[in-house]
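Overview (structure and organization)
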Amino acid sequence: MPDFFVDPNIARAQTIDAAFYTSAEVFEACKEKIFAPTWQFIGDEDLVRESGDVYPFTLLPGCLDEPLLLTRDKAGKINLVSNVCTHRGNLVAEKACKLNDLKCRYHGRKFNLDGKFLSMPEFKEVENFPTAADNLPKLELFKWGKLLFTSVSPQYPQEMFFRDMIERVSWLPLDEFEFKPELSRVFNVKANWALYCENYLEGFHIPFVHAGLNAVIDYGEYATELFFPYSSLQLGLARSHEDCFDLPRDSPDHGKNVAAYYFWVFPNMMFNFYPWGLSVNVVEPVSAGECRVKFFSYAQDASKLGKGAGAALDKVEAEDEEIVENVQKGVRSRFYKHGRYSVNREQGTHHFHRILTEFMG
(Lines give C-alpha, C1' and ligand atoms only; values in the text may rest on other atoms or scores of the structure.)
Protein backbone atom coordinates (compact mmCIF):
# COMPACT_ATOMS: atom_id res chain seq x y z
CA MET A 1 0.00 0.00 0.00
CA PRO A 2 1.49 3.40 -0.95
CA ASP A 3 2.15 5.87 1.84
CA PHE A 4 -0.22 8.73 1.01
CA PHE A 5 0.72 12.18 2.27
CA VAL A 6 -0.45 15.66 1.25
CA ASP A 7 1.17 18.65 2.91
CA PRO A 8 -1.39 20.79 4.79
CA ASN A 9 0.23 23.89 3.26
CA ILE A 10 -1.25 24.10 -0.22
CA ALA A 11 1.61 26.29 -1.43
CA ARG A 12 4.11 23.51 -0.64
CA ALA A 13 1.89 20.50 -1.27
CA GLN A 14 2.07 17.93 -4.02
CA THR A 15 -1.13 16.22 -5.15
CA ILE A 16 -1.95 12.76 -3.86
CA ASP A 17 0.12 9.89 -5.26
CA ALA A 18 -1.17 8.74 -8.66
CA ALA A 19 -1.39 5.19 -7.30
CA PHE A 20 -4.60 6.25 -5.57
CA TYR A 21 -6.31 6.28 -8.98
CA THR A 22 -4.76 3.14 -10.44
CA SER A 23 -4.12 0.58 -7.70
CA ALA A 24 -6.62 -2.26 -7.27
CA GLU A 25 -5.28 -2.73 -3.72
CA VAL A 26 -6.04 0.90 -2.88
CA PHE A 27 -9.51 0.60 -4.41
CA GLU A 28 -10.30 -2.38 -2.20
CA ALA A 29 -9.02 -0.56 0.88
CA CYS A 30 -11.24 2.44 0.09
CA LYS A 31 -14.37 0.32 0.48
CA GLU A 32 -13.91 -0.20 4.21
CA LYS A 33 -11.75 2.79 5.07
CA ILE A 34 -13.70 5.48 3.21
CA PHE A 35 -17.15 4.32 2.12
CA ALA A 36 -18.29 2.03 4.95
CA PRO A 37 -17.89 4.61 7.76
CA THR A 38 -19.27 7.64 5.85
CA TRP A 39 -22.79 8.70 4.96
CA GLN A 40 -24.41 7.74 1.67
CA PHE A 41 -27.47 8.97 -0.23
CA ILE A 42 -30.41 6.55 -0.44
CA GLY A 43 -33.11 8.59 -2.19
CA ASP A 44 -36.11 10.26 -0.64
CA GLU A 45 -38.96 9.27 1.66
CA ASP A 46 -41.41 9.00 -1.27
CA LEU A 47 -39.80 5.63 -2.04
CA VAL A 48 -42.06 4.35 0.77
CA ARG A 49 -45.02 6.73 0.70
CA GLU A 50 -47.57 4.61 2.57
CA SER A 51 -47.66 2.19 5.50
CA GLY A 52 -46.66 -1.27 4.27
CA ASP A 53 -44.42 0.00 1.46
CA VAL A 54 -41.07 -1.77 1.19
CA TYR A 55 -38.19 -0.78 -1.08
CA PRO A 56 -35.17 -3.10 -1.44
CA PHE A 57 -31.95 -1.67 -2.87
CA THR A 58 -28.20 -2.20 -2.93
CA LEU A 59 -26.06 0.51 -1.36
CA LEU A 60 -23.18 1.46 -3.68
CA PRO A 61 -23.33 -1.48 -6.10
CA GLY A 62 -19.83 -2.43 -7.19
CA CYS A 63 -18.35 -0.99 -3.99
CA LEU A 64 -20.13 -1.71 -0.70
CA ASP A 65 -22.70 -3.97 -2.41
CA GLU A 66 -24.82 -3.95 0.73
CA PRO A 67 -28.43 -5.26 0.37
CA LEU A 68 -30.73 -2.97 2.37
CA LEU A 69 -34.46 -2.55 2.82
CA LEU A 70 -36.39 0.66 3.35
CA THR A 71 -39.84 0.21 4.90
CA ARG A 72 -42.68 2.29 6.27
CA ASP A 73 -44.30 0.39 9.14
CA LYS A 74 -47.92 0.41 10.31
CA ALA A 75 -47.25 3.38 12.58
CA GLY A 76 -46.00 5.35 9.58
CA LYS A 77 -42.36 5.30 10.68
CA ILE A 78 -39.62 4.84 8.09
CA ASN A 79 -37.13 2.08 8.90
CA LEU A 80 -33.90 0.97 7.26
CA VAL A 81 -32.84 -2.63 7.88
CA SER A 82 -30.59 -5.27 6.40
CA ASN A 83 -32.29 -7.13 3.56
CA VAL A 84 -30.47 -10.36 4.50
CA CYS A 85 -32.40 -13.04 6.39
CA THR A 86 -30.81 -13.92 9.73
CA HIS A 87 -31.39 -17.64 9.13
CA ARG A 88 -29.39 -18.58 6.01
CA GLY A 89 -28.64 -15.25 4.35
CA ASN A 90 -31.31 -15.15 1.65
CA LEU A 91 -32.58 -11.77 0.47
CA VAL A 92 -35.83 -11.06 2.31
CA ALA A 93 -37.50 -8.71 -0.18
CA GLU A 94 -36.79 -8.88 -3.90
CA LYS A 95 -38.87 -6.02 -5.29
CA ALA A 96 -40.67 -2.88 -4.18
CA CYS A 97 -44.18 -3.74 -3.01
CA LYS A 98 -46.70 -3.39 -0.16
CA LEU A 99 -46.63 -5.95 2.69
CA ASN A 100 -48.07 -6.56 6.15
CA ASP A 101 -44.83 -8.15 7.30
CA LEU A 102 -41.58 -9.48 5.83
CA LYS A 103 -41.29 -13.17 4.98
CA CYS A 104 -38.22 -14.93 3.64
CA ARG A 105 -39.32 -17.26 0.83
CA TYR A 106 -36.43 -19.67 1.45
CA HIS A 107 -37.61 -21.15 4.79
CA GLY A 108 -40.47 -18.91 5.88
CA ARG A 109 -38.81 -16.78 8.58
CA LYS A 110 -40.96 -13.71 9.28
CA PHE A 111 -40.16 -10.22 10.53
CA ASN A 112 -42.09 -7.07 11.36
CA LEU A 113 -41.65 -4.14 9.00
CA ASP A 114 -39.20 -2.66 11.49
CA GLY A 115 -37.05 -5.81 11.21
CA LYS A 116 -38.01 -7.45 14.50
CA PHE A 117 -38.21 -11.26 14.37
CA LEU A 118 -41.79 -12.66 14.35
CA SER A 119 -41.73 -16.40 13.72
CA MET A 120 -39.89 -19.35 12.19
CA PRO A 121 -41.22 -22.80 11.14
CA GLU A 122 -39.63 -25.97 12.58
CA PHE A 123 -37.61 -24.16 15.27
CA LYS A 124 -39.41 -25.30 18.44
CA GLU A 125 -36.50 -27.47 19.53
CA VAL A 126 -33.85 -24.77 19.08
CA GLU A 127 -32.46 -23.58 22.40
CA ASN A 128 -32.08 -19.92 23.38
CA PHE A 129 -34.19 -18.85 20.44
CA PRO A 130 -35.06 -16.22 19.38
CA THR A 131 -32.49 -13.62 20.47
CA ALA A 132 -31.75 -10.08 19.33
CA ALA A 133 -29.42 -11.62 16.73
CA ASP A 134 -32.48 -13.01 14.95
CA ASN A 135 -33.83 -9.52 14.21
CA LEU A 136 -32.82 -7.86 10.96
CA PRO A 137 -29.96 -5.46 11.81
CA LYS A 138 -31.20 -1.87 11.84
CA LEU A 139 -29.23 1.00 10.30
CA GLU A 140 -29.09 4.66 11.26
CA LEU A 141 -31.21 6.85 9.04
CA PHE A 142 -30.57 10.57 8.61
CA LYS A 143 -33.33 12.66 7.02
CA TRP A 144 -32.87 16.15 5.56
CA GLY A 145 -36.15 17.42 4.16
CA LYS A 146 -37.28 14.44 2.11
CA LEU A 147 -33.75 13.19 1.46
CA LEU A 148 -32.50 10.05 3.22
CA PHE A 149 -28.95 8.98 4.09
CA THR A 150 -27.30 6.12 5.94
CA SER A 151 -23.95 4.61 6.88
CA VAL A 152 -23.25 0.89 7.11
CA SER A 153 -20.54 1.39 9.73
CA PRO A 154 -21.04 4.89 11.15
CA GLN A 155 -18.04 6.36 12.92
CA TYR A 156 -18.83 10.04 12.54
CA PRO A 157 -21.99 12.03 13.35
CA GLN A 158 -23.87 13.34 10.32
CA GLU A 159 -23.32 16.92 11.50
CA MET A 160 -19.65 16.65 10.52
CA PHE A 161 -20.72 16.19 6.90
CA PHE A 162 -24.00 18.08 6.44
CA ARG A 163 -24.19 20.85 9.04
CA ASP A 164 -22.69 23.72 7.04
CA MET A 165 -24.69 22.96 3.90
CA ILE A 166 -27.96 22.67 5.83
CA GLU A 167 -27.37 25.98 7.58
CA ARG A 168 -26.40 27.79 4.37
CA VAL A 169 -29.59 26.92 2.48
CA SER A 170 -31.94 26.56 5.46
CA TRP A 171 -34.36 28.99 3.79
CA LEU A 172 -35.09 26.57 0.94
CA PRO A 173 -38.34 24.53 1.29
CA LEU A 174 -36.64 21.20 0.71
CA ASP A 175 -39.77 19.28 1.72
CA GLU A 176 -41.53 20.72 -1.34
CA PHE A 177 -38.90 19.59 -3.85
CA GLU A 178 -40.31 16.96 -6.20
CA PHE A 179 -38.24 14.14 -7.66
CA LYS A 180 -38.17 14.20 -11.47
CA PRO A 181 -37.13 10.78 -12.83
CA GLU A 182 -37.31 12.08 -16.41
CA LEU A 183 -34.57 14.59 -15.60
CA SER A 184 -32.39 12.12 -13.68
CA ARG A 185 -29.47 10.34 -15.30
CA VAL A 186 -26.88 7.56 -14.90
CA PHE A 187 -23.43 7.95 -16.47
CA ASN A 188 -20.73 5.29 -16.69
CA VAL A 189 -17.34 6.99 -16.56
CA LYS A 190 -14.00 5.32 -17.32
CA ALA A 191 -12.18 7.08 -14.52
CA ASN A 192 -11.48 6.60 -10.84
CA TRP A 193 -14.19 7.98 -8.56
CA ALA A 194 -11.73 10.36 -6.86
CA LEU A 195 -10.69 11.90 -10.19
CA TYR A 196 -14.33 12.68 -10.90
CA CYS A 197 -14.73 14.28 -7.45
CA GLU A 198 -11.62 16.41 -7.62
CA ASN A 199 -12.61 17.70 -11.06
CA TYR A 200 -15.91 18.81 -9.50
CA LEU A 201 -14.08 20.48 -6.62
CA GLU A 202 -12.36 23.18 -8.66
CA GLY A 203 -13.70 25.80 -11.03
CA PHE A 204 -10.21 26.28 -12.45
CA HIS A 205 -11.13 24.25 -15.55
CA ILE A 206 -14.39 26.06 -16.34
CA PRO A 207 -12.99 28.58 -18.87
CA PHE A 208 -11.06 25.81 -20.63
CA VAL A 209 -13.64 23.02 -20.65
CA HIS A 210 -17.13 24.53 -20.24
CA ALA A 211 -17.64 27.40 -22.70
CA GLY A 212 -21.41 27.44 -22.15
CA LEU A 213 -21.17 27.51 -18.36
CA ASN A 214 -18.38 30.08 -18.50
CA ALA A 215 -20.70 32.43 -20.41
CA VAL A 216 -23.12 32.37 -17.46
CA ILE A 217 -20.78 32.17 -14.45
CA ASP A 218 -18.57 35.10 -13.46
CA TYR A 219 -15.26 33.23 -13.29
CA GLY A 220 -13.48 36.12 -11.61
CA GLU A 221 -15.94 35.95 -8.69
CA TYR A 222 -16.05 32.15 -8.47
CA ALA A 223 -15.28 31.27 -4.86
CA THR A 224 -14.55 28.14 -2.84
CA GLU A 225 -15.36 27.86 0.87
CA LEU A 226 -13.94 24.96 2.87
CA PHE A 227 -16.11 23.55 5.65
CA PHE A 228 -14.20 21.51 8.20
CA PRO A 229 -14.02 18.71 8.51
CA TYR A 230 -15.81 17.02 5.59
CA SER A 231 -17.55 19.33 3.12
CA SER A 232 -17.11 22.43 0.98
CA LEU A 233 -18.97 24.93 -1.18
CA GLN A 234 -18.29 26.48 -4.55
CA LEU A 235 -20.39 29.61 -5.00
CA GLY A 236 -21.28 30.29 -8.61
CA LEU A 237 -22.07 33.97 -9.15
CA ALA A 238 -23.69 35.14 -12.37
CA ARG A 239 -22.65 38.03 -14.58
CA SER A 240 -26.11 39.56 -14.18
CA HIS A 241 -29.05 39.25 -11.80
CA GLU A 242 -31.07 37.16 -14.28
CA ASP A 243 -31.63 33.46 -13.52
CA CYS A 244 -30.38 33.83 -9.96
CA PHE A 245 -31.76 33.00 -6.53
CA ASP A 246 -34.12 35.42 -4.83
CA LEU A 247 -32.26 35.30 -1.54
CA PRO A 248 -33.85 36.20 1.79
CA ARG A 249 -32.32 39.04 3.80
CA ASP A 250 -31.00 36.67 6.48
CA SER A 251 -28.98 34.70 3.94
CA PRO A 252 -25.21 35.37 4.20
CA ASP A 253 -25.27 35.66 0.40
CA HIS A 254 -28.00 38.31 0.23
CA GLY A 255 -27.13 40.93 -2.36
CA LYS A 256 -25.07 38.55 -4.50
CA ASN A 257 -26.07 37.22 -7.94
CA VAL A 258 -25.99 33.57 -6.88
CA ALA A 259 -26.61 31.36 -9.90
CA ALA A 260 -25.67 28.08 -8.20
CA TYR A 261 -24.59 26.56 -4.92
CA TYR A 262 -22.23 23.64 -5.53
CA PHE A 263 -21.92 21.72 -2.27
CA TRP A 264 -19.67 18.70 -1.93
CA VAL A 265 -19.93 16.20 0.94
CA PHE A 266 -17.15 13.68 1.49
CA PRO A 267 -16.59 11.25 0.03
CA ASN A 268 -18.73 11.17 -3.11
CA MET A 269 -21.82 13.40 -3.00
CA MET A 270 -22.57 16.69 -4.73
CA PHE A 271 -25.61 18.86 -4.01
CA ASN A 272 -26.10 21.38 -6.79
CA PHE A 273 -28.77 23.96 -5.97
CA TYR A 274 -30.14 26.04 -8.83
CA PRO A 275 -33.12 28.43 -8.98
CA TRP A 276 -35.14 25.56 -10.49
CA GLY A 277 -34.27 23.05 -7.74
CA LEU A 278 -31.60 20.51 -6.84
CA SER A 279 -29.41 17.99 -8.62
CA VAL A 280 -27.95 15.40 -6.25
CA ASN A 281 -24.93 13.72 -7.85
CA VAL A 282 -23.61 10.48 -6.38
CA VAL A 283 -20.30 9.03 -7.59
CA GLU A 284 -20.35 5.24 -7.19
CA PRO A 285 -16.93 3.51 -7.38
CA VAL A 286 -16.91 0.46 -9.65
CA SER A 287 -13.20 -0.33 -10.02
CA ALA A 288 -9.87 1.47 -9.77
CA GLY A 289 -10.45 2.92 -13.24
CA GLU A 290 -14.23 3.20 -13.46
CA CYS A 291 -17.12 4.86 -11.67
CA ARG A 292 -20.86 5.33 -12.09
CA VAL A 293 -22.34 8.81 -11.65
CA LYS A 294 -26.03 9.17 -10.81
CA PHE A 295 -27.92 12.46 -11.11
CA PHE A 296 -31.11 12.72 -9.02
CA SER A 297 -33.13 15.79 -10.03
CA TYR A 298 -35.56 17.52 -7.66
CA ALA A 299 -37.57 20.45 -9.01
CA GLN A 300 -38.91 23.33 -6.95
CA ASP A 301 -39.80 25.73 -9.80
CA ALA A 302 -40.01 23.87 -13.10
CA SER A 303 -40.55 27.14 -15.00
CA LYS A 304 -36.84 27.93 -14.42
CA LEU A 305 -35.57 24.70 -15.94
CA GLY A 306 -33.21 25.20 -18.86
CA LYS A 307 -32.03 28.60 -17.69
CA GLY A 308 -28.80 29.92 -16.19
CA ALA A 309 -26.10 27.77 -14.58
CA GLY A 310 -28.57 24.90 -14.13
CA ALA A 311 -29.15 24.53 -17.87
CA ALA A 312 -27.49 22.03 -20.23
CA LEU A 313 -26.31 19.77 -17.39
CA ASP A 314 -25.95 16.82 -19.76
CA LYS A 315 -23.57 18.85 -21.96
CA VAL A 316 -21.49 19.91 -18.95
CA GLU A 317 -21.38 16.29 -17.79
CA ALA A 318 -20.16 15.08 -21.21
CA GLU A 319 -17.40 17.69 -21.14
CA ASP A 320 -16.34 16.63 -17.65
CA GLU A 321 -16.38 12.95 -18.58
CA GLU A 322 -14.10 13.51 -21.56
CA ILE A 323 -11.56 15.33 -19.39
CA VAL A 324 -11.50 12.91 -16.44
CA GLU A 325 -11.30 9.87 -18.74
CA ASN A 326 -8.24 11.43 -20.38
CA VAL A 327 -6.77 12.13 -16.94
CA GLN A 328 -7.29 8.47 -15.98
CA LYS A 329 -5.19 7.49 -19.01
CA GLY A 330 -2.57 10.04 -18.03
CA VAL A 331 -2.14 9.08 -14.37
CA ARG A 332 -1.28 5.54 -15.45
CA SER A 333 1.88 6.89 -17.07
CA ARG A 334 5.18 5.79 -15.55
CA PHE A 335 6.24 9.43 -15.84
CA TYR A 336 3.48 10.88 -13.63
CA LYS A 337 3.34 10.59 -9.86
CA HIS A 338 2.37 14.01 -8.41
CA GLY A 339 1.28 17.46 -9.51
CA ARG A 340 1.01 20.80 -7.69
CA TYR A 341 -1.98 22.95 -6.68
CA SER A 342 -3.07 26.43 -7.70
CA VAL A 343 -3.24 28.19 -4.33
CA ASN A 344 -6.17 30.38 -5.41
CA ARG A 345 -8.13 27.90 -7.54
CA GLU A 346 -7.63 24.38 -6.18
CA GLN A 347 -8.33 24.71 -2.46
CA GLY A 348 -11.25 22.26 -2.77
CA THR A 349 -9.12 19.57 -4.40
CA HIS A 350 -6.36 20.03 -1.81
CA HIS A 351 -8.96 19.76 0.97
CA PHE A 352 -10.31 16.55 -0.60
CA HIS A 353 -6.85 15.01 -0.89
CA ARG A 354 -6.09 15.85 2.74
CA ILE A 355 -9.27 14.05 3.84
CA LEU A 356 -8.37 11.04 1.69
CA THR A 357 -5.03 10.73 3.45
CA GLU A 358 -6.76 11.00 6.83
CA PHE A 359 -9.19 8.17 6.08
CA MET A 360 -6.57 5.97 4.41
CA GLY A 361 -4.38 6.31 7.49
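Residues numbered from 1 in each chain as written. Predicted model: local features only at pLDDT ≥ 70, side-chain atom pairs only at ≥ 80, totals over all residues. Heavy atoms only, no water.

1. So, helix 7 (residues 313-331)
The end-to-end C-alpha separation of helix 7 is 27 Å, in line with the 27 Å expected for 19 residues at 1.5 Å each. By the burial criterion, the buried members of helix 7 are Leu313, Val316, Glu317, Glu319, Asp320, Glu321, Val324, Gln328 and Val331. (Helix = DSSP H or I, 4+ residues; strand = E, 2+ residues; numbered from the N terminus. Expected span 1.5 Å × (residues − 1). Buried < 20%, exposed > 50% of the residue type's maximum accessible area, 1.4 Å probe, protein only.)

2. Focus on the packing of helix 4 (residues 193-200) against helix 8 (residues 347-360)
The N-to-C vectors of helix 4 and helix 8 enclose an angle of 145°; their axes lie 8 Å apart at closest approach. Considering how the two elements wind past one another, helix 4 and helix 8 form a crossing that is right-handed. In contact with Trp193, Ala194, Cys197 and Glu198 of helix 4, helix 8 contributes Thr349, Phe352, His353 and Leu356. Taken together, the residues of the contact of helix 4 with helix 8 sort by class into 5 nonpolar, 2 polar and 1 charged. (Axes fitted to C-alpha atoms, helices over the stretch in contact; angles between N-to-C directions. Left-handed = near helix turned anticlockwise from the far one by under 90°. Contact = heavy atoms within 4.5 Å. Nonpolar A, V, L, I, M, F, W, Y, C, P; charged D, E, K, R; others polar.)

3. What about the pairing of strand 15 (residues 258-265)?
For strand 15, a buried count of 8 out of 8 residues is recorded, marking the element as mostly surrounded by other parts of the structure. Sheet topology note: the strand 14 (residues 231-237)/strand 15 ladder contains 7 bridges and is antiparallel. Directly across from Leu237, in strand 15, lies its bridge partner Val258. Strand direction decides the pairing type here: strand 15 and strand 16 (residues 269-274), joined by 5 bridges, are antiparallel. By the bridge assignment for strand 16, Tyr261 is matched with Phe273. Where strand 15 folds back on strand 16, the antiparallel hairpin that results is connected by 3 residues. (Pairing = 2+ DSSP bridges.)

4. Focus on the sheet that holds strand 9 (residues 142-144)
Ordered by their spatial adjacency, 3 strands build an open sheet running 1-10-9, and the pairing between neighbours is antiparallel. Looking at which strands have only one partner, the edges of the open sheet turn out to be strand 1 (40-44) and strand 9. Taken over all neighbouring pairs, the strand axes of this sheet differ in orientation by 30° on average, direction set aside. In the sheet, strand 1 pairs with strand 10 (residues 147-150) via 4 bridges, with the strands oriented antiparallel. Along strand 10, the bridge assignment pairs Gly43 with Leu148.

5. Considerations on the packing of aromatic side chains
This structure, assessed with the given rule, holds 39 aromatic pairs. With 6.2 Å between their ring centres and 65° between their planes, Trp144 and Phe271 make a pair best called edge-to-face. Taken together, the residues span a long stretch of sequence, with Trp144 in strand 9 and Phe271 in strand 16 at a distance of 127 residues. Per residue, the accessibility class of Trp144 equals that of Phe271, and both read buried. Centroid distance Tyr156 to Phe359: 5.2 Å. Interplanar angle 40°. Geometry classified as tilted. Of this pair, Tyr156 sits in the loop between strand 10 and helix 3 (159-168) while Phe359 is found in helix 8, placing the two residues 203 residues apart along the sequence. Given a relative accessible area of 21%, Tyr156 falls into the partly exposed group. Just above the ring of Tyr219 sits the side chain of Arg345; from NZ or CZ to the centre is 4.0 Å. (Phe/Tyr/Trp six-rings, centres within 6.5 Å; stacked < 30°, edge-to-face > 60°. Lys NZ or Arg CZ within 6 Å of the ring centre and 35° of its normal.)

Distances and angles like these do not, on their own, reveal function.
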